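Architecture at a glance
Residues per chain are reported as follows:
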Amino acid sequence: MTAPADRPNPKLDYTPEVLTALETGRPVVALESTIVSHGMPYPQNVQTAREVEELVRQEGATPATIAVIGGRIKVGLSEAELEQLGNDPSFGKISTRDLPFTVATGRNGATTVASTMRVAHLAGVRVFATGGTGGVHRGGASSLDVSADLTELSRSQVCVVSAGVKSILDIGLTLEYLETLGVPVMTYGSEEYPAFYSRSSGFVSPLSVDSPEQAAAVLRAKWELCDTPGAAGGVLLANPVPAESEIPAAEIAPHIEAALRDMDALGITGKDTTPYLLGRIVEITGGRSLVTNIALVKNNAVLAARVAAAYSGLSMN
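All values derive from a computational prediction rather than experimental measurement. (Residues numbered from 1 in each chain as written. Predicted model: local features only at pLDDT ≥ 70, side-chain atom pairs only at ≥ 80, totals over all residues. Heavy atoms only, no water.)

A few words on the pattern of salt bridges. With the rule as written, the count across this model stands at 16 salt bridges. Of the charged contacts, one joins Arg57 and Glu54 as a salt bridge, the two residues approaching to 3.9 Å between their closest N and O atoms. Taken together, the residues span about one helical turn, with Arg57 and Glu54 both in helix α3 (residues 44-58) at a distance of three residues. The residue Glu283 makes a salt bridge to Arg280 at a minimum N-O spacing of 2.9 Å. Of the two residues, Glu283 and Arg280 are both situated in helix α12 (residues 273-284); the distance of three residues between them amounts to about one turn of the helix. Classification of Glu283 as exposed rests on a relative accessible area of 56%. On the basis of relative accessibility, which here comes to 24%, the residue Arg280 falls in the partly exposed class. The network of salt bridges with common partners includes Asp13, Arg72, Lys74 and Glu81. (Salt bridge = Lys/Arg side-chain N within 4 Å of Asp/Glu carboxyl O. Helix = DSSP H or I, 4+ residues; strand = E, 2+ residues; numbered from the N terminus. Buried < 20%, exposed > 50% of the residue type's maximum accessible area, 1.4 Å probe, protein only.)

This is the structure:
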């Protein structure tokens, strides 16, 4: 299904389910595909993706998993496409810089947080659920290694629901950088900013909200206060991992340090760092971090669906 006349971008293909939801003003939640193709082993990745989509539906919203297949940008995937995404090694990890090349050359690509934001914005999807967001890497003050996720948050009109900045990054510098970019950073139900695997990071959250309705009201105010429609930038909503699934900060910290040492010894840099570190931490923790990762992704999807429903209700008024 290609884009309808009022969504003129010819590079976007919508599933019938997503298209109907957008045309009727029903809530839609964007989901990234890198977490499926590069974040978990097969077939657990596809099973988790299907479960996450179903959780979104149970909350009254429509899931739109985003990927590039054969150069076509997909806003929502069929069962066969989701299976292909999880089991086809030709899917590269693509950020915003890689998106035009992947489309132009007809390749397959799994979208990162940044490129999913960009596509969601183009498609008119205002809420996006992921696991953890990127940020300033440790040592970033000298290396200037900063995730494109942050820049895209300042550009795309999307609310990103995550379990916070990934623990392998410099959370303090990331929060400072987001302040510089003018991106509102809120934590759901807590005044402390979470740290992906852990509910505690040691950093006070810049803002906090206590309900999906309150979060949706912030989104509406944020985008109404912009003089240039479509250029207001996004909002980061941090959702702490459920208490029963977390790995406390003091416990996960030495595992992260060990993974960082292993990465340095192997000379891994650039966009390969995050997949390596997350995979290595899974090995070091005997799979426990993967269990936590799956739990937080599902938790974020549920909150995102509720925020999307609340925002949809506001938009109808």
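With that settled, consider the packing of α3 against helix α4 (residues 79-87). Between α3 and α4, the shortest axis-to-axis distance is 9 Å and the interhelical angle comes to 140°. What the angle tells us is that α3 and α4 run oblique. The handedness of the crossing between α3 and α4 is right-handed. On α4, the residues that touch Asn45, Val46, Ala49, Arg50 and Glu53 of α3 are Glu79, Leu82, Glu83 and Gly86. Its residues assigned to classes, the contact of α3 with α4 comprises three nonpolar, two polar and four charged. (Axes fitted to C-alpha atoms, helices over the stretch in contact; angles between N-to-C directions. Parallel < 35°, antiparallel > 145°, perpendicular 65-115°, else oblique. Left-handed = near helix turned anticlockwise from the far one by under 90°. Contact = heavy atoms within 4.5 Å. Nonpolar A, V, L, I, M, F, W, Y, C, P; charged D, E, K, R; others polar.)

Let us look at the environment of Cys159. For Cys159, the position within the fold is in strand β8 (residues 159-162). Non-local contacts of Cys159, meaning those with residues more than four positions away in its chain, are made with Arg126, Val127, Phe128, Leu219, Trp223, Val235 and Leu237.

Take the nonpolar core next. Counting 96 residues, the largest nonpolar core has Val29 and Leu237 as its most contacted members. When residues in this core are grouped by element, the largest group, 12 residues, is from helix α13 (residues 288-316). With residues near it in sequence (within four places) discarded, Leu237 still touches Cys159, Val160, Val161, Ser162, Met186, Thr187, Tyr188, Val209, Ala215, Leu303 and Val307. (Core = buried A, V, L, I, M, F, W, Y, C linked by side-chain atoms within 4.5 Å.)

Turning our attention to α12. Taking 1.5 Å per residue as the helical rise, α12 with its 12 residues ought to reach 16 Å, and the 16 Å between its terminal C-alpha atoms agrees with that figure. Every buried residue of α12 is listed here: Thr273, Thr274, Tyr276, Leu277, Leu278 and Ile281. Gly286 lies just past α12 and shows a positive phi near 65°. (Expected span 1.5 Å × (residues − 1).)

A few words on the packing of aromatic side chains. Counted by the stated rule, this structure contains two aromatic pairs. Judged by centre distance (5.6 Å) and plane angle (90°), the rings of Trp223 and Tyr311 are edge-to-face. Linking Trp223 in helix α10 (residues 212-224) with Tyr311 in helix α13, this pair joins segments that are 88 residues apart in sequence. Each member of the pair Trp223 and Tyr311 is classed as buried. (Phe/Tyr/Trp six-rings, centres within 6.5 Å; stacked < 30°, edge-to-face > 60°.)

This paragraph deals with the environment of Glu246. Topologically, Glu246 is positioned in the loop between β11 (235-238) and α11 (249-266). Expressed as a C-alpha distance, the spacing of Glu246 and Met186, which sit 60 residues apart in the sequence, is 20 Å. Glu246 has contacts with Tyr197, Ser198, Arg199, Val241, Arg288 and Thr292, leaving out every residue within four places of it along the chain. A polar atom in the side chain of Glu246 sits 2.8 Å from the backbone nitrogen of Arg199. (Polar contact = N/O pair within 3.5 Å; in protein donor to acceptor, adjacent residues only side chain to side chain.)

So, about the side chain of Ser201. Among the secondary structure elements, Ser201 is positioned in the loop between β9 (185-188) and β10 (207-209). By relative accessible area, which is 18% here, Ser201 ends up buried. Here the side chain of Ser201 touches Phe203 through a polar contact of 3.1 Å, landing on its backbone nitrogen. Discounting chain neighbours no more than four positions away, the residues touching Ser201 are Ile171, Glu192, Tyr193, Pro194 and Ala195.

Side chains Val235 and Leu237 project from β11 onto one buried face, and the interleaved Leu236 and Ala238 project onto a second face that is buried too. As paired elements, β8 and β11 share four bridges and run parallel to each other. Paired with Cys159 across the bridge in β11 is Val235. Both β9 and β11 contribute to a ladder of three bridges, which runs parallel. Opposite Met186, over in β11, you have Leu237 as the bridge partner. (Pairing = 2+ DSSP bridges.)

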